[in-house]
Amino acid sequence: MITQYEVPSLLKAELPKITGDEYPARFTMDIYKSVQCFSEFTKAAVLGHNLTLARKCFAVAEKLYRQGDNIVRNTIENTFIFSFTAFMPKDRVEKLILCSLIPAPLYAAYLKQVMGTGC
(Lines give C-alpha, C1' and ligand atoms only; values in the text may rest on other atoms or scores of the structure.)
Protein backbone atom coordinates (compact mmCIF):
# COMPACT_ATOMS: atom_id res chain seq x y z
CA MET A 1 0.00 0.00 0.00
CA ILE A 2 1.12 3.49 -0.80
CA THR A 3 1.00 5.77 2.24
CA GLN A 4 0.46 9.50 2.34
CA TYR A 5 4.16 10.01 3.04
CA GLU A 6 5.17 8.22 -0.16
CA VAL A 7 2.91 10.21 -2.49
CA PRO A 8 5.13 13.30 -3.05
CA SER A 9 8.20 11.23 -3.93
CA LEU A 10 6.12 8.93 -6.15
CA LEU A 11 4.69 11.92 -8.03
CA LYS A 12 8.16 13.40 -8.50
CA ALA A 13 9.51 10.06 -9.75
CA GLU A 14 6.61 9.36 -12.14
CA LEU A 15 6.22 12.92 -13.41
CA PRO A 16 9.58 14.71 -13.46
CA LYS A 17 7.98 17.75 -15.15
CA ILE A 18 5.88 18.33 -12.04
CA THR A 19 8.94 19.70 -10.28
CA GLY A 20 9.33 22.48 -12.85
CA ASP A 21 9.29 26.20 -12.17
CA GLU A 22 5.54 26.40 -11.53
CA TYR A 23 5.15 23.65 -8.95
CA PRO A 24 8.21 22.94 -6.74
CA ALA A 25 7.49 25.34 -3.88
CA ARG A 26 4.08 23.81 -3.25
CA PHE A 27 5.24 20.21 -3.44
CA THR A 28 5.60 19.18 0.18
CA MET A 29 5.04 16.22 2.46
CA ASP A 30 1.46 17.42 2.95
CA ILE A 31 -0.57 14.99 0.85
CA TYR A 32 -3.41 17.45 0.28
CA LYS A 33 -1.08 20.13 -1.09
CA SER A 34 0.77 17.56 -3.20
CA VAL A 35 -2.43 16.18 -4.73
CA GLN A 36 -3.77 19.70 -5.29
CA CYS A 37 -0.55 20.53 -7.14
CA PHE A 38 -0.88 17.27 -9.09
CA SER A 39 -4.49 18.18 -9.97
CA GLU A 40 -3.44 21.58 -11.31
CA PHE A 41 -0.60 19.98 -13.28
CA THR A 42 -3.08 17.53 -14.83
CA LYS A 43 -5.56 20.32 -15.56
CA ALA A 44 -2.82 22.29 -17.36
CA ALA A 45 -1.98 19.21 -19.45
CA VAL A 46 -5.63 18.68 -20.39
CA LEU A 47 -6.34 22.33 -21.19
CA GLY A 48 -3.08 22.51 -23.16
CA HIS A 49 -4.19 19.47 -25.19
CA ASN A 50 -1.09 17.55 -24.12
CA LEU A 51 -2.87 14.21 -24.25
CA THR A 52 0.27 12.13 -23.71
CA LEU A 53 1.04 13.93 -20.45
CA ALA A 54 -2.64 13.88 -19.42
CA ARG A 55 -2.78 10.11 -20.00
CA LYS A 56 0.35 9.67 -17.85
CA CYS A 57 -1.17 11.81 -15.08
CA PHE A 58 -4.37 9.77 -15.09
CA ALA A 59 -2.35 6.54 -14.97
CA VAL A 60 -0.43 7.79 -11.93
CA ALA A 61 -3.68 8.86 -10.27
CA GLU A 62 -5.16 5.42 -10.92
CA LYS A 63 -2.08 3.79 -9.36
CA LEU A 64 -2.49 5.96 -6.26
CA TYR A 65 -6.21 5.24 -6.15
CA ARG A 66 -5.80 1.47 -6.48
CA GLN A 67 -2.69 0.97 -4.35
CA GLY A 68 -3.09 3.77 -1.84
CA ASP A 69 -4.21 3.41 1.75
CA ASN A 70 -7.51 4.98 2.87
CA ILE A 71 -6.00 8.44 3.31
CA VAL A 72 -4.49 8.38 -0.18
CA ARG A 73 -7.71 7.05 -1.76
CA ASN A 74 -9.83 9.68 -0.01
CA THR A 75 -7.46 12.45 -1.04
CA ILE A 76 -7.53 11.31 -4.67
CA GLU A 77 -11.34 11.20 -4.57
CA ASN A 78 -11.83 14.51 -2.77
CA THR A 79 -9.12 16.52 -4.52
CA PHE A 80 -8.03 14.98 -7.82
CA ILE A 81 -11.31 13.46 -9.02
CA PHE A 82 -13.29 16.43 -7.72
CA SER A 83 -11.16 18.67 -9.96
CA PHE A 84 -12.42 16.94 -13.14
CA THR A 85 -15.36 19.33 -13.28
CA ALA A 86 -12.96 22.28 -13.68
CA PHE A 87 -11.51 20.95 -16.92
CA MET A 88 -14.26 18.77 -18.36
CA PRO A 89 -14.95 20.22 -21.83
CA LYS A 90 -18.42 21.28 -22.90
CA ASP A 91 -17.87 20.10 -26.47
CA ARG A 92 -19.18 16.54 -26.89
CA VAL A 93 -16.25 15.28 -29.01
CA GLU A 94 -13.59 16.77 -26.73
CA LYS A 95 -15.41 15.34 -23.73
CA LEU A 96 -15.42 11.86 -25.30
CA ILE A 97 -11.70 12.12 -26.03
CA LEU A 98 -10.94 13.19 -22.46
CA CYS A 99 -13.19 10.51 -20.97
CA SER A 100 -11.33 7.89 -23.01
CA LEU A 101 -8.11 8.94 -21.24
CA ILE A 102 -9.53 8.67 -17.73
CA PRO A 103 -9.17 5.16 -16.24
CA ALA A 104 -12.47 3.42 -15.48
CA PRO A 105 -12.15 3.42 -11.65
CA LEU A 106 -11.48 7.17 -11.61
CA TYR A 107 -14.29 7.93 -14.04
CA ALA A 108 -16.70 5.78 -12.03
CA ALA A 109 -15.77 7.70 -8.87
CA TYR A 110 -16.26 10.97 -10.76
CA LEU A 111 -19.72 9.92 -11.95
CA LYS A 112 -20.60 8.85 -8.42
CA GLN A 113 -19.61 12.31 -7.15
CA VAL A 114 -21.51 14.14 -9.87
CA MET A 115 -24.64 12.03 -9.58
CA GLY A 116 -24.51 12.09 -5.79
CA THR A 117 -24.54 15.88 -5.65
CA GLY A 118 -27.46 16.26 -8.03
CA CYS A 119 -25.45 18.05 -10.74
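These lines cover the structure that appears in this document, whether it is placed above or below. Computed from a predicted model, the values in this text were never measured in an experiment. Per chain, residue numbering runs from 1 following the sequence as it is written. This being a predicted model, a pLDDT of at least 70 is required before a residue's local features are given, and a value of 80 or more before pairs of side-chain atoms are given or counted; all residues contribute to the totals for chains, interfaces and linings. Think of the side-chain values as coming from all heavy atoms in the structure, minus any hydrogens and water.

## Examining helix α6 (residues 92-101)
At step 1: Within α6, burial applies to Leu98, Cys99 and Leu101. Down the axis of α6, the smallest arc covering the buried residues is 150°, so these residues share one side. Of the exposed residues in α6, the ones pointing more than 90 degrees away from its buried face are Arg92, Leu96 and Ser100.
At step 2: Where α6 begins, one side-chain oxygen reaches toward the backbone nitrogen of Val93, 3.3 Å away; that side chain belongs to Asp91. Residue exposure (1.4 Å probe, protein chains only): buried if accessible area is under 20% of the type maximum, exposed if over 50%, otherwise partly exposed. Working definition: helices are DSSP H or I runs of at least four residues, strands are E runs of at least two. Numbering for both runs from the N terminus. Directions from the helix axis toward the C-beta atoms define the arc. Contacts described as polar in this section are N or O atom pairs within 3.5 Å, which, within protein, must combine one atom able to donate a hydrogen with one able to accept it, while residues neighboring in sequence count only if both atoms come from side chains.

## Considerations on the nonpolar core
At step 1: Among the nonpolar cores identified, the biggest contains 36 residues, and Phe58, Phe80 and Phe84 are the most heavily contacted of them.
At step 2: Within the residue set of this core, elements represented by two or more residues are α1 (7-14), α2 (31-47), α3 (51-67), α4 (70-80), α5 (84-87), α6 and α7 (104-116).
At step 3: When residues in this core are grouped by element, the largest group, eight residues, is from α3.
At step 4: The contact criterion used is simple: two residues touch if any of their non-hydrogen atoms lie within 4.5 Å. Those residues within four positions of Phe84 in sequence are excluded, and the remaining contacts are Phe58, Ile102, Leu106 and Tyr110. Buried Ala, Val, Leu, Ile, Met, Phe, Trp, Tyr and Cys residues that are joined via side-chain atoms within 4.5 Å together make up what is termed a nonpolar core.

## A look at the packing of aromatic side chains
Two aromatic rings, taken as a pair, are described by how far apart their centres are and by the angle between their planes.
At step 1: Two rings from Phe, Tyr or Trp (for Trp, the six-membered ring) form a pair when their centres sit within 6.5 Å of each other. Planes less than 30 degrees apart are called stacked, planes more than 60 degrees apart edge-to-face, and all others tilted. Applying the stated rule across the entire model yields eight aromatic pairs.
At step 2: Counting every residue linked through ring pairs, the aromatic cluster contains Phe38, Phe58, Phe80, Phe84, Phe87, Tyr107 and Tyr110.
At step 3: The rule is short: NZ of Lys or CZ of Arg within 6 Å of the ring centre and within 35 degrees of the ring normal puts a charge over the ring. Above the plane of the ring of Tyr65 lies Arg73, whose end atom (NZ or CZ) is 4.1 Å from the centre.

## Some thoughts on α4
Working note: α-helix, 3.6 residues per turn, so residues spaced by three or four point in the same direction.
At step 1: Listed as buried for α4 are Val72, Thr75, Ile76, Thr79 and Phe80. All buried residues of α4 lie within an arc of 100° about the axis, which places them on one face of the element. With respect to the buried face of α4, the exposed residues turned more than 90 degrees away are Asn70 and Asn78.
At step 2: Where α4 is buried, its residues contact α1, α2, α3, α5 and α7.
At step 3: With a side-chain oxygen positioned 3.2 Å from the backbone nitrogen of Ile71, the residue opening α4 is Asp69.

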